[in-house]
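Coordinates in review
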Amino acid sequence: MLKQKSQDYRMRSRPLAPHHRERPRNLPLATLRLPLPALVSILHRVSGVLLFLSLPGVLWLLQLSLSSAEGYQHVLDLLQSLPVRLLLLALTWALLHHLLAGLRHLALDLHLGLELAKARFTSKLVLLLGLLLTVAAGVALW
Amino acid sequence: MVKRLLQPGSHGMSEWLLQRVTAVVMLLYVLVFGLVLLLVRPDGHEGWRELFAVQPFTIATFAFILSLLLHAWLGLRGVLADYVRPGRARQVLDFAAALAVVAMGAWAACILWGGTA
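Residues numbered from 1 in each chain as written. Chains lettered and ligands numbered in written order. Predicted model: local features only at pLDDT ≥ 70, side-chain atom pairs only at ≥ 80, totals over all residues. Heavy atoms only, no water.

1. Overview of the overall build of chain A
Here is the rule we go by: Put simply, DSSP marks the helices as runs of H or I at least four residues long and the strands as runs of E at least two long, and each gets a number from the N terminus on. The criterion used for residue contact is that any of the two residues' heavy atoms lie within 4.5 Å. Method for areas: the Shrake-Rupley scheme with a 1.4 Å probe, in which residue coverage is limited to the protein chains shown.
A count of helical and extended segments in chain A gives four helices and zero strands. Listing every helix and strand of chain A by position from the N terminus yields α-α-α-α. Put simply, of all contacts in chain A between residues at least 6 apart along the chain, 70% involve residues at least 24 apart. For chain A, the exposed surface amounts to about 10500 Å²; the carbon and sulfur share of it is 70%.

2. Description of the overall build of chain B
Our working definition: Only protein chains enter the accessibility calculation, which uses a 1.4 Å probe. A residue is then buried if its area is under 20% of the maximum for its type, exposed if over 50%, and partly exposed in between.
In terms of helices and strands, chain B carries four helices and zero strands. Reading chain B from its N end, one meets helices and strands in the order α-α-α-α. By residue count, 29% of the 117 residues in chain B fall in the buried class. Here the contacts in chain B between residues at least 6 apart in sequence split such that 67% fall between residues at least 24 apart. Accessible surface computed for chain B: about 7800 Å², of which carbon and sulfur atoms make up 71%.

3. Observations concerning unusual backbone geometry
In the Ramachandran plot, His111(A) falls in the positive-phi region, its phi being about 65 degrees despite a non-glycine side chain. Tracing the backbone shows His111(A) in the loop between helix H3 (82-109) and helix H4 (116-141). Taking the relative accessible area as the measure of exposure, His111(A) reaches 60% and is therefore exposed. We note that Arg41(B) has phi near 45 degrees; this positive angle belongs to a residue other than glycine. Within the secondary structure, Arg41(B) sits in the loop between helix H1 (13-40) and helix H2 (44-53). Relative accessible area serves as the criterion here: at 60%, Arg41(B) is assigned to the exposed category.

4. Observations regarding the environment of Leu80(B)
Residue and element names in this part refer to chain B. On the secondary structure map, leucine 80 appears in helix H3 (residues 55-83). Here the alpha-carbon distance between leucine 80 and arginine 41, two residues 39 residues apart in the chain, equals 41 Å. Here leucine 80 is in contact with Arg90, Leu93 and Asp94, once residues within four sequence places are set aside.

5. Considering the side chain of Ser67(B)
When you line up the elements, Ser67(B) lands in helix H3. Apart from the residues lying within four places of it in its own chain, the contact partners of Ser67(B) are Thr22(B), Val25(B) and Met26(B).

6. Some remarks on the pattern of salt bridges
Basically, it comes down to this: Think of a salt bridge as a Lys or Arg side-chain nitrogen and an Asp or Glu carboxyl oxygen that are within 4 Å of each other.
All told, the structure shown has four salt bridges over all chains when counted by the stated rule. Two residues, Arg45(A) and Asp82(B), come together in a salt bridge whose shortest N-O distance is 2.7 Å. Taken as a pair, Arg45(A) in helix H1 (residues 36-67) and Asp82(B) in helix H3 lie in two separate chains rather than in one. You can call Arg45(A) partly exposed: its relative accessible area is 25%. The salt bridge partner of Lys118(A) is Glu115(A), with a shortest N-O separation of 3.6 Å.

7. Points about the interface of chain A and chain B
Our working rule: Here the buried area means the combined drop in accessible surface, using a 1.4 Å probe, for two parts upon being joined, counting both sides.
Contact residues are listed per partner, giving 25 residues for chain A and 28 residues for chain B. Each partner contributes to the roughly 2400 Å² buried at the junction of chain A and chain B, and carbon and sulfur atoms together form 72% of this total. Applying the counting criterion to the chain A and chain B interface returns two salt bridges. A salt bridge links Asp109(A) to Arg20(B), with the nearest nitrogen and oxygen atoms 2.4 Å apart.

8. Quick notes on the packing of aromatic side chains
Residues and elements named next belong to chain B. Our working definition: Two rings from Phe, Tyr or Trp (for Trp, the six-membered ring) form a pair when their centres sit within 6.5 Å of each other. Planes less than 30 degrees apart are called stacked, planes more than 60 degrees apart edge-to-face, and all others tilted.
By the definition in use, this model includes seven aromatic pairs over all chains. Between tryptophan 48 and phenylalanine 52, the ring centres sit 4.9 Å apart and the planes meet at 70 degrees, which makes this aromatic pair edge-to-face. Here the residue tryptophan 48 and the residue phenylalanine 52 both occupy positions in helix H2, the gap between them amounting to four residues, near one helical turn. Seen from their ring centres, phenylalanine 52 and phenylalanine 57 are 5.2 Å apart, and the 75 degrees between their planes marks the pair as edge-to-face. Exposure remark for phenylalanine 52: the relative accessible area of 8% places this residue in the buried category. Assessed through its relative accessible area of 9%, phenylalanine 57 is described here as buried.

9. Quick word on the packing of H1(A) against helix H4 (residues 88-113) of chain B
The angle between the axes and the distance between the axes are what describe a pair of packed helices. For clarity, the cut-off: Note on geometry: axes are C-alpha line fits, over the in-contact stretch for helices, and angles between N-to-C directions span 0 to 180 degrees. Here the word oblique covers every angle except those under 35 degrees (roughly parallel), over 145 (roughly antiparallel) and from 65 to 115 (roughly perpendicular). Put simply, a crossing is left-handed when the front helix is turned counterclockwise from the back one by less than a right angle, and right-handed when it is turned clockwise. Residue polarity is assigned by list, with Asp, Glu, Lys and Arg as charged and Ala, Val, Leu, Ile, Met, Phe, Trp, Tyr, Cys and Pro as nonpolar; anything else, Gly included, falls into the polar class.
Relative to each other, H1(A) and H4(B) sit at 15 degrees, their axes nearing to 10 Å. Between H1(A) and H4(B), the crossing angle belongs to the class labelled roughly parallel. The handedness of the crossing between H1(A) and H4(B) is left-handed. Along the contact surface, H1(A) presents Phe52(A), Leu55(A), Pro56(A), Leu59(A), Trp60(A), Leu62(A), Gln63(A) and Leu66(A), while H4(B) presents Ala100(B), Val101(B), Met104(B), Trp107(B), Ala108(B) and Ile111(B). Each residue belonging to the contact of H1(A) with H4(B) can be placed in one class, and the counts come to 13 nonpolar, one polar and no charged.

This is the structure we're talking about:
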């Protein structure tokens, strides 16, 4: 008798009572509305991956800026170009959101802000502050 | 408490803790770095170079980069664990992530102490 694979434990079928047989088992995700804290959470993940992908580029810029005076100037010139600036702005948002959502995570670890109203409030705070500070950084650096 | 451990021998507590410790280390560095930039205001290539020549600053920067790489690796493992089923694909991606992190650590050391482009 073959043992069921461990990852199928969630899908293990079980006879349902007649009035339960109409219930959908796998809801199509697109039909569900995402609560605000969930949005903050998935953006925390997305921003993390974006930051990771940007690491080689950032290391390369650091190396270039330290290598020689020409290298340093090259970095400054790159930072003036529009595509690089837009990319940097996106990465600034990624960093700010990841940091703020991370701080919210730490607070939740300490059991602060677990209640629904507070959780919604802190999520709004993280989202708005992230956007605001990104705009501020953009204005300050441009 | 779950009955089945995903990784034999560990409940994931050290990873959970390490993720937060590295985050705090990074936060401290970013604050210190921001302060240093505001106070020192390195100007031009020479100033920038001089800043990174100061030993405590170089070491702190390297510690930051190592924390960053560890934090990123732990984060990636979490993402992989959620979206890629355990098996060959996950093993390969896990290893690729570890390799990328180690390579970037070596590169960072070269940048900070190598002295060449």
